[in-house]
Amino acid sequence: MKKFTNFEIARLLRNVAVSYQLKDEKKYRFQIIAYNKAADAIEVSPVQLQDIYLEEEKLDKISGVGPSIAAHIQELFNKGRVDHFQDIMKGVPEAIFPLLDVPNFGPKKAYKIVSIFKLSDPDTVTEEVEKLANSGRIAELEGFGKKSEEDLLTGITQFKEGKTKSNRMALPFAHAIGEQIVDYLKKNPKVKRVEMLGSLRRMRDTIGDVDLAVASNDAGNVIDYFVKYPRIERLIEKGPVSASFVANGGAQIDLMVQSEKRFGALLQHFTGSKQHNVALRERAVRSGFSLSERGIKEVKSGRLHEFANEKDFYKFLGLPYIEPELREDRGEIDAALRQAQGKFPGLPKLIEVTDIKGDLHTHTNFNIEPSHDLGKNSMQEMTEKARSMGYEYIGFADHNPSTSGHNADDITKLIKKRGKEIEHLNESNKDVRVYNLLEIDILPNGDLPLNNEQLNMLEGAIVSLHSAFTQDREKITQRILKGLSHPKVRIFGHPTGRLINSRAGADADWDSIFSFCRQEDIALEINSASQRLDLSDVMVKRAIEAGCRVIIDTDSHSVEGFSMMKYGVAVARRGWCEKRNVVNTLPGKEFEKWMLK
DNA sequence: GCCGTTTTCGGCCCGACTGTTTTCAGTCG
């Protein structure tokens, strides 16, 4: 039987919503909302539905999934299809669905074009529409025109360049672009405040557009200045209070300007997430308030309250300030409410970058003839860098020597030689404690490529997956548990092995793995490397709820890599981590006790 | 179709922008 991922299920539910919308938007208004809401919830769910369905049939535990949709999903797992969905989707041409991922195409336009021109092949529909548009046939349709035909062509061009509605940049890449433009904007004296918005401000692991907000009482001046940004590639639009352009190799940058006295409401609104805002508004509307980017309106009198900062906005609603990283409708509003009433547990006191005392997963250029890549900088240079970061300790975790070109004696010699080098370093550097670690592959059968003697020459081991990610669940779970079982193992490096936009992580029984890590006090790594950010935010939340501790590392292969720490910390914050949940916030002596346990 | 600090029934978030239109439909965030 085919397995369905959460992503596929979410897509199916969205297609059902679209079908309802095309059949009778008024009549099915609330089904449309319900199906889309369920899709949103399932897409971000930390557990794969296919798993909980097999284990305990608790699908409607997910908020937004009720008895009806849960039953349909059960049917999907059992039969591979859902009769009710097929009924609803009857008469809706299959060829519209691929178009829905193309910018500027919505259900109505896609449906109109596909049915009038009788397009039926989902695989070629995008090219066919492009041809029609190029020959001017779309502009002739009622409700379309020359301009909308152009917009659709622009959308198709973007789509072909890889910018689908669902394709997103990795956070560090988008954040770096955002920072550059923020710096640029700050040079304009009319700019009173600048903030990033949307998923970028919430530090989500992937980002669509780079959205920015400026507080200023001279919007025209700021917009003119904004569109003169030197790295601009193509201007998209420029209005009196907002503008957009493409820059830095295809990223879309949007700016909104608002007066200082309303800046708080703008910030709150466009930081989102959508789900957080919807939940907030549903609560507010029951008390007679309507929330928007302009402020909070009293519905009866129509009086608008304005807010210069977000803190006051939340305060007006009777809530403490909620950090952007928590605004995902994952329980933060209830927690804020409890906190306001003096009940427990309230909002977490999130970890800060300045709490970090060391980076344990770094690679040096010491040639240990490793199984994977070397770092670029020397042990000395890496230590200097750690000192300049204010760290109390650092771990060198070069990859283990490759087993192909070496016999056991060679490997022992290499590890010994490297150990001596680190000893020397510790004698000459009294203020930064250097740990002698290695990053060791968990081989496909769960063995480690080092023997006991070799492992015992280390102060600790990071173990991680670097191959065979697609083993089935049972096999990969046993493999990981076996790999973690040596007493020298202190850290499970980038646990799922996912690469953003290119490789799904391992499909393992994470509950069992978390429970083992808790027992052995092994830290689960949050790896800050751009394409990894692994564990992910939802997995971190699950891990600490299971009683585990995490460690935030950069996996630096050069001194430049150290600056990635803030992204790992962001993942931790999104996973509701406090300082106490993260082992590398411990002061030197306590950390040593944990590492050498 | 979902859900509960007015509710197991009767509600269900808000607004901007654009283009094609003479008052609104579609898309987006």
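Our structure's up above, just so we're on the same page.
Given the structure is predicted, the values throughout are model-derived calculations rather than measurements.

(A) Structural detail: the packing of aromatic side chains. With the rule as written, the count across this model stands at 18 aromatic pairs. When the ring of Tyr184 is compared with that of Tyr225, the centres are 4.3 Å apart and the planes differ by 5 degrees; the resulting orientation is stacked. Residue Tyr184 is found in helix H10 (residues 171-186), and its partner Tyr225 is found in helix H12 (residues 219-226); the two are separated by 41 residues along the sequence. A relative accessible area of 13% places Tyr184 in the buried class. Taking 5.3 Å as the distance between ring centres and 75 degrees as the angle between the ring planes, the aromatic pair formed by Phe289 and Phe316 counts as edge-to-face. Of this pair, Phe289 sits in strand S8 (residues 289-292) while Phe316 sits in helix H15 (residues 310-316), placing them 27 residues apart in sequence. Classification of Phe316 by relative accessible area gives partly exposed; the value is 30%. Aromatic ring contacts, followed pair by pair, group Phe289, Phe307, Phe313, Tyr314, Phe316 and Tyr321 into a single cluster.

(B) Focus on the sheet that holds strand S15 (residues 489-492). The strand order across the open sheet formed by seven strands is S11-S12-S13-S14-S15-S16-S17, and the pairing between neighbours is parallel. This sheet does not close on itself; its edge strands, each paired only once, are strand S11 (358-362) and strand S17 (550-553). Neighbour-to-neighbour, the strand axes of the sheet open up by a mean angle of 30 degrees, direction not taken into account. Here three bridges tie S11 to strand S12 (residues 393-399), and the two strands are oriented parallel to one another. In the strand pairing of S12, Asp359 is matched with Ile394. Across the sheet, helix H17 (residues 379-388) is in contact with S11, S12 and strand S13 (433-441); its angle to S12 comes to roughly 145 degrees.

(C) Quick look at the pattern of salt bridges. Scanning all chains against the criterion turns up 40 salt bridges. The salt bridge involving Glu592 is made with Arg433; its shortest N-O contact spans 2.9 Å. With Glu592 in helix H24 (residues 588-595) and Arg433 in strand S13, this residue pair connects regions lying 159 residues apart in the sequence. Taking relative accessible area as the criterion, Glu592 reaches 24% and is therefore assigned partly exposed. Residue classification places Arg433 among the partly exposed residues on the basis of a relative accessible area of 22%.

Cut-off values and rules
Residues numbered from 1 in each chain as written. Chains lettered and ligands numbered in written order. Predicted model: local features only at pLDDT ≥ 70, side-chain atom pairs only at ≥ 80, totals over all residues. Heavy atoms only, no water. Phe/Tyr/Trp six-rings, centres within 6.5 Å; stacked < 30°, edge-to-face > 60°. Helix = DSSP H or I, 4+ residues; strand = E, 2+ residues; numbered from the N terminus. Buried < 20%, exposed > 50% of the residue type's maximum accessible area, 1.4 Å probe, protein only. Pairing = 2+ DSSP bridges. Axes fitted to C-alpha atoms, helices over the stretch in contact; angles between N-to-C directions. Contact = heavy atoms within 4.5 Å. Salt bridge = Lys/Arg side-chain N within 4 Å of Asp/Glu carboxyl O.

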